[in-house]
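Working through the structure, step by step
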Amino acid sequence: MTILEIQDFIKSNASVKVRGGGTKPALSSVANLEMHELSGMLEYDPSEYTFTALAGTRVSEIAQILAEHGQHLPFDPPFLMAGATLGGTVAAGLSGSGRQRFGGVRDFVLAVQFIDGLGGIVRGGGKVVKNAAGFDLPKMHCGALGTFGVITELTFKVFPAPKAWATLQLECDTPKTALETMQKLAGSSFDLECLDVFGSRVMIRIGGVINALETRLENLQKFVGIEGQVTRDDTEIWREAREFLWVVPNAALVKIPLTASKIPTLEAKILEHGRTRYISSGNLAWLEWTDSLENLDLILLELQLSGLVLRGNTPRVLLGKQVGGVLLERVLNTFDLERKFNAT
Amino acid sequence: MTEPATILTDLRRVLGEARVMVKAAQLAAYESDALTSFKARALAVVMPETELEVIEVVKICHKHRVPFVARGSGTSLSGGSLPVADGVVIALNKLNKILKLDPLERVAVVQPGVTNLAVSTAAAPFGLYYAPDPSSQQICTIGGNVAFNSGGAHCLKYGMTSNHVLGLKVLLPDGEVLTLGGSSLESVGADLHGLFVGSEGLFGIALEVTLRLLPKPQRYRTVLAAYHSLEAAGEAVASVVSSGLLPGAMEIMDALAIQAAEAAVHAGYPKDAAALLIVELEGEDRAIEAEFLELERVIRASGAYEVRIAQSELERLTIWKGRKSAFSAVGRLSPDYIVQDGVVPRGKLGLALKEIERLSGVAGLRVANVFHAGDGNLHPLILFDGREPGALEKAEHLAGEILGLCVKLGGSITGEHGVGVEKREHMPIMFSSSDLDAMKRLRLSIDPLELSNPGKMFPSGEAPALVSHAPHPLERAGVITRE
Ligand SMILES: Cc1cc2nc3c(=O)[nH]c(=O)nc-3n(C[C@H](O)[C@H](O)[C@H](O)COP(=O)(O)OP(=O)(O)OC[C@H]3O[C@@H](n4cnc5c(N)ncnc54)[C@H](O)[C@@H]3O)c2cc1C
């Protein structure tokens, strides 16, 4: 579909449900507007650290072009190989393990073009790495699940990719000591590209100038007092994380933002039916969940946490504590008074 | 609007006599912010001391339909905290408590009147700091930083204020209080704390801000390079960028700015330089050592006629002292000056500087340039003598031309100082009328009476935006009607 066609489509339909790559089925299994045709890089100047592309462009396509110039999207977009699109990544507000060092998708979107509930084109933000003019409409779309409009074009900030990577995996005695080790590292001044905890394993990725990696890995192990396993060619390790290859196919997959101090109570509640992978120093749990999502909803509510279902059967994808309140209502009234895009 | 006397009575009921200031001498101190060419006298300046008092004040303003302006330290350079004539200024400096500082989770929860530097100072004993570092950090407040999404010299790598605000408690213009975000770096649902940051006080008042703290870098390595031309310094920036290094800061100063900084703080800068470039790497010891070798190679190959490497923390701070004092230092060269703030794509820096030089020649006004070269954020300082008739207008005109140039080159009219009053007329060169209309609709949906900081951000000549383009669902259902 062209932009014009999307405008017409919105004007003539009472409900508009968008699908990008379809990699997050809970968010897009019922869709009447496919975005894959709205695809392609529009502008990319490596020396500016920015690019602009149509929203239906696959992230993998972008990643490849960036890699040819030694650059990358540091927030490590999930479902890359599965076919996630730029628009879907922003709408779902998803970042991967690599968000540890420089921030998530919200920290890298610079500009947006979208079509609101009336079919009007709106632009916000600026195509340069720094801009403070006007309201931050690009950020508002992050995690909004397309409820403010159909995202058609996005500008991102990119960074030079590290010249080399290495991964250090630490096997701890218990999940508890793994979390303690994570906390110790998170408060340290080591520059870590990823800091995940998976069961009783701590997974650390570093990147940079190749001949400094060896000493840096040694220093890390000295600091935590555990000898770990070092992998130099670590692509596979992080692909497994990024693509959620560790999640069993029939389980639900839920994103739960939290802080490290809340992990023990969450773990106690989900013990029987859940398995978690914590990324970014315990700021986010990816939960593999085999019980009903209604039950998870209650658990999260009790813990005053919120969750977003990416895979799984649920009438409501936002679980637990609801966010946004009256401000959300007012923003929705601005861009979609009739609630055509209402996803939940 | 209600009779002023009634409003004042209500305000005094909440704050007492002393904290509702109405005397001419008291109001005069709040007539402008750091952009002194605009002045307006408020009906009253109030000094709440608690969150509850702020809420009460806003409710009173709402009840009486009185516009209000939140104010931190008034260091805005775009007229953002300029009072609305006969409105209320809510000075937030007394809400200056750090409510929580959690070294384990690395977050601080602060009241809006806490100064930027106070956060880093409080975090320092734990080896942590608050990253955004506006040059005004000793006095500007977190509330002001939030309103303007303020930046600083070290924002290339770790971002501006919005990248460090995790959560907010906000007071909407009708007195509603709600929390946005939280203390996690991640969230689900629309990123409304991201939307609030940078809204220039038009969406209400930030009552409480949850900030992310970072562990202090193990090491800084700072280099100062002197060039015979601005272009050469600009090209050096391009070489650093294409080398794949990611410095924490890259700053350029031109000859006039160097002279001024030298006269003011004696940083020991090479005085005959046409341009100085400061590049700083920060991070893990070993990584920085290796990267610095590469940086040094790039800088030495860039045509610098003098390269100085800071050998101690003292030398590093001396290098920065000159840069950080540049604005006020330039102020000594001239009775008056305007600090501009535009952004160009980094690759167009050289072109932009040449064009600014030409425009400055045509206008017959001196322009000093200080800028965050890493993000293409220019700060031309336009010098003029306000006592000369027409000089201010000439300077404003030149400033406008420079902003037009920035947008023409693909950039922005502001990188960090905000639109405020000063740049509102320039918004249409950056945004189409439908984009502006969408933003205006958003503003009106959040603040239908336009009580919170009116007169800012939007061009004044704009026809009033339509509040609603389609009937409200309740209207369609016949529950409400439009008169
Ligand atoms: C010498 C000098 C150097 C500077 N250097 C930099 C720099 O390097 N980078 C940079 O980005 N800026 C810089 N500035 C600009 C200025 O310091 C920043 O914009 C700063 O964030 C303003 O903070 P303040 O407390 O003074 O806010 P004010 O000037 O008091 O207010 C600024 C805006 O914030 C609003 N506001 C204040 N508090 C709140 C609140 N609690 N909730 C909602 N809205 C609120 C006001 O209504 C106003 O619109 C500089 C200024 C000076 C004078």
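Values in this document were obtained by computation on a predicted structure and should not be read as measured data.

1. Quick notes on the interface of chain B and chain A
In this complex, chain B contributes 91 residues to the contact, which on the side of chain A involves 79 residues. Of the roughly 6,800 Å² buried where chain B meets chain A, counting both sides, 58% is carbon and sulfur surface. Of all residues in chain B, B:Glu186, B:Val188 and B:Glu284 give up the largest surface area on contact with chain A, accounting jointly for 11% of the area buried on that side. Inspection of the region where chain B meets chain A yields eight salt bridges. Of the charged contacts in the structure, one is a salt bridge between B:Asp375 and A:Lys130, with a shortest N-O distance of 3.5 Å. Looking at the side of chain B that touches chain A, the elements with two or more residues in it are α6 (155-158), β9 (177-181), α7 (192-196), α10 (285-300), α15 (427-430), α16 (433-446) and α17 (473-476) of chain B. When residues in the side of chain B that touches chain A are grouped by element, the largest group, nine residues, is from α16(B). In terms of residue class, the side of chain B that touches chain A is built from 41 nonpolar, 29 polar and 21 charged.

2. Overview of the side chain of A:Thr181
Tracing the sequence through the fold places A:Thr181 in helix α7 (residues 175-186). For A:Thr181, a relative accessible area of 10% gives the class buried.

3. A closer look at the domain arrangement of chain A
Residue and element names in this part refer to chain A. On domain assignment, one finds that chain A holds domain 1 (3-160), domain 2 (164-235) and domain 3 (252-320). Relative placement of domain 2 and domain 3: their C-alpha centres are 25 Å apart. Tallying the contact residues gives ten residues for domain 2 and ten residues for domain 3. Buried surface at the junction of domain 2 and domain 3, summed over both partners, amounts to about 800 Å²; 58% is from carbon and sulfur atoms. The largest per-residue losses of area from domain 2 upon contact with domain 3 belong to Leu179, Asp196 and Phe198, which jointly make up 50% of the total buried on that side.

4. Side note on the domain arrangement of chain B
All names here are of chain B. As far as domains go, chain B holds domain 1 (4-91), domain 2 (98-215), domain 3 (219-329) and domain 4 (334-476). Here the C-alpha centroids of domain 3 and domain 4 sit 29 Å apart. At the interface, 15 residues of domain 3 touch 18 residues of domain 4. Taken together, both faces of the contact between domain 3 and domain 4 bury some 1,400 Å²; the carbon and sulfur share is 67%. Its largest share of buried area at the contact with domain 4, domain 3 owes to Ile252, Leu256 and Phe327, together 40% of the area lost on that side. Viewed at the interface, domain 4 and domain 3 are joined by one salt bridge.

5. Side note on the sheet that holds strand β16 (residues 284-289) of chain A
Residues and elements named next belong to chain A. Here we have nine strands laid out as an open sheet, ordered β13-β10-β12-β11-β15-β16-β14-β17-β18, and antiparallel in their pairing. Sheet topology places β13 (229-231) and β18 (318-320) at the edges, where each strand pairs with a single neighbour. The mean angle between the axes of side-by-side strands here comes to 25°, regardless of whether they run parallel or antiparallel. Taken together, the eight bridges between strand β10 (residues 164-171) and strand β12 (residues 201-208) define a ladder with antiparallel strand orientation. Within β12, the residue paired with glutamate 171 across the bridge is arginine 201.

6. What to know about the pattern of salt bridges
Residue and element names in this part refer to chain A. Going through the model one piece at a time under the given rule, you end up with 54 salt bridges over all chains. In this structure, arginine 232 engages glutamate 214 in a salt bridge whose closest nitrogen and oxygen atoms are separated by 2.8 Å. Pair noted here: arginine 232 is in the loop between β13 and α9 (235-242) and glutamate 214 is in helix α8 (residues 210-224), with a separation of 18 residues, a long-range link. By relative accessible area, which is 37% here, arginine 232 ends up partly exposed. Its relative accessible area of 44% is what places glutamate 214 among the partly exposed residues. Between glutamate 236 and arginine 239 there is a salt bridge; the shortest N-O distance is 2.9 Å. One end of the pair is glutamate 236 and the other is arginine 239, both in helix α9 and three residues apart, which spans about a single turn. Here the salt bridges share partners, and the residues they tie into one network are Glu43, Arg123, Lys127 and Glu153.

7. Thoughts on helix α12 (residues 325-335) of chain A
Buried within α12(A) we find A:Leu327, A:Arg330, A:Val331, A:Leu332, A:Thr334 and A:Phe335. Here the buried face of α12(A) lies against β6 (109-115) and α6 (137-141) of chain A together with β9, α7 and α16 of chain B.

8. Regarding the confidence of the model for chain B
All names here are of chain B. On average, chain B scores 92 in pLDDT, and the residues at 70 or more come to 95%. A low-confidence stretch, residues 462-483 (pLDDT under 50), is modelled with 27 contacts involving residues beyond four sequence positions or located in other chains. Reported for the predicted complex are a pTM of 0.95 and an ipTM of 0.97.

9. Things to note about the nonpolar core
A general feature of soluble globular proteins is that nonpolar side chains tend to end up buried together. Residues A:Phe51, A:Phe135, A:Leu137, A:Phe156, A:Ile204, B:Tyr227 and B:Ile299 are the most contacted members of the largest nonpolar core, which totals 209 residues. In terms of residue count, the dominant contributor to this core is helix α14 (residues 391-408) of chain B (nine residues). Grouped together as the second largest cluster of nonpolar side chains are 28 residues, B:Ala153, B:Ala226, B:Met253 and B:Val370 included.

10. What about the environment of B:Ile288?
Residues and elements named next belong to chain B. Considering the arrangement of structural elements, one finds isoleucine 288 in helix α10. Counting along the chain gives 34 residues from isoleucine 288 to aspartate 254, while the straight-line C-alpha distance between them is 28 Å. Those residues in contact with isoleucine 288 that sit more than four places away from it in its chain are Arg219, Arg221, Leu281, Glu282 and Gly283.

11. Quick word on the packing of helix α13 (residues 349-363) of chain B against α14(B)
For any two helices packed against each other, one specifies the inter-axial angle together with the distance between the axes. All names here are of chain B. Relative to each other, α13 and α14 sit at 155°, their axes nearing to 10 Å. The orientation of α13 relative to α14 falls into the category roughly antiparallel. Considering the relative orientation of α13 and α14, their crossing is right-handed. Where α13 abuts α14, its residues Ala352, Glu355, Ile356, Leu359, Ser360 and Ala363 lie against Lys394, Leu398, Glu401, Ile402 and Leu405. Residue composition of the contact of α13 with α14, by class: seven nonpolar, one polar and three charged.

12. Remarks on the site of the ligand
Residues and elements named next belong to chain B. The ligand sits among 35 residues. The nearest are Ala70, Gly72, Thr75, Ser136 and Thr141. One of the side-chain N or O atoms of threonine 75 is found 2.6 Å from an oxygen atom in the ligand. Out of a free accessible area of 980 Å², the ligand has 95% covered by protein chains. Only β3 (68-71), α5 (142-148) and β10 (205-212) provide two or more residues apiece to the shell around the ligand. A total of five residues in the shell around the ligand trace back to one element, the largest contributor, which is α5. Counted by class, the shell around the ligand contains 13 nonpolar, 19 polar and three charged residues.

Criteria and thresholds
- Residues numbered from 1 in each chain as written.
- Chains lettered and ligands numbered in written order.
- Predicted model: local features only at pLDDT ≥ 70, side-chain atom pairs only at ≥ 80, totals over all residues.
- Heavy atoms only, no water.
- Contact = heavy atoms within 4.5 Å.
- Buried area = accessible area lost by both parts, 1.4 Å probe.
- Salt bridge = Lys/Arg side-chain N within 4 Å of Asp/Glu carboxyl O.
- Helix = DSSP H or I, 4+ residues; strand = E, 2+ residues; numbered from the N terminus.
- Nonpolar A, V, L, I, M, F, W, Y, C, P; charged D, E, K, R; others polar.
- Buried < 20%, exposed > 50% of the residue type's maximum accessible area, 1.4 Å probe, protein only.
- Domains from an automatic or database assignment.
- Pairing = 2+ DSSP bridges.
- Axes fitted to C-alpha atoms, helices over the stretch in contact; angles between N-to-C directions.
- pLDDT = per-residue confidence, 0-100.
- Core = buried A, V, L, I, M, F, W, Y, C linked by side-chain atoms within 4.5 Å.
- Parallel < 35°, antiparallel > 145°, perpendicular 65-115°, else oblique.
- Left-handed = near helix turned anticlockwise from the far one by under 90°.
- Near = heavy atom within 4 Å.
- Polar contact = N/O pair within 3.5 Å; in protein donor to acceptor, adjacent residues only side chain to side chain.
- Areas by Shrake-Rupley, 256 points an atom, 1.4 Å probe, with all protein chains shown as cover.

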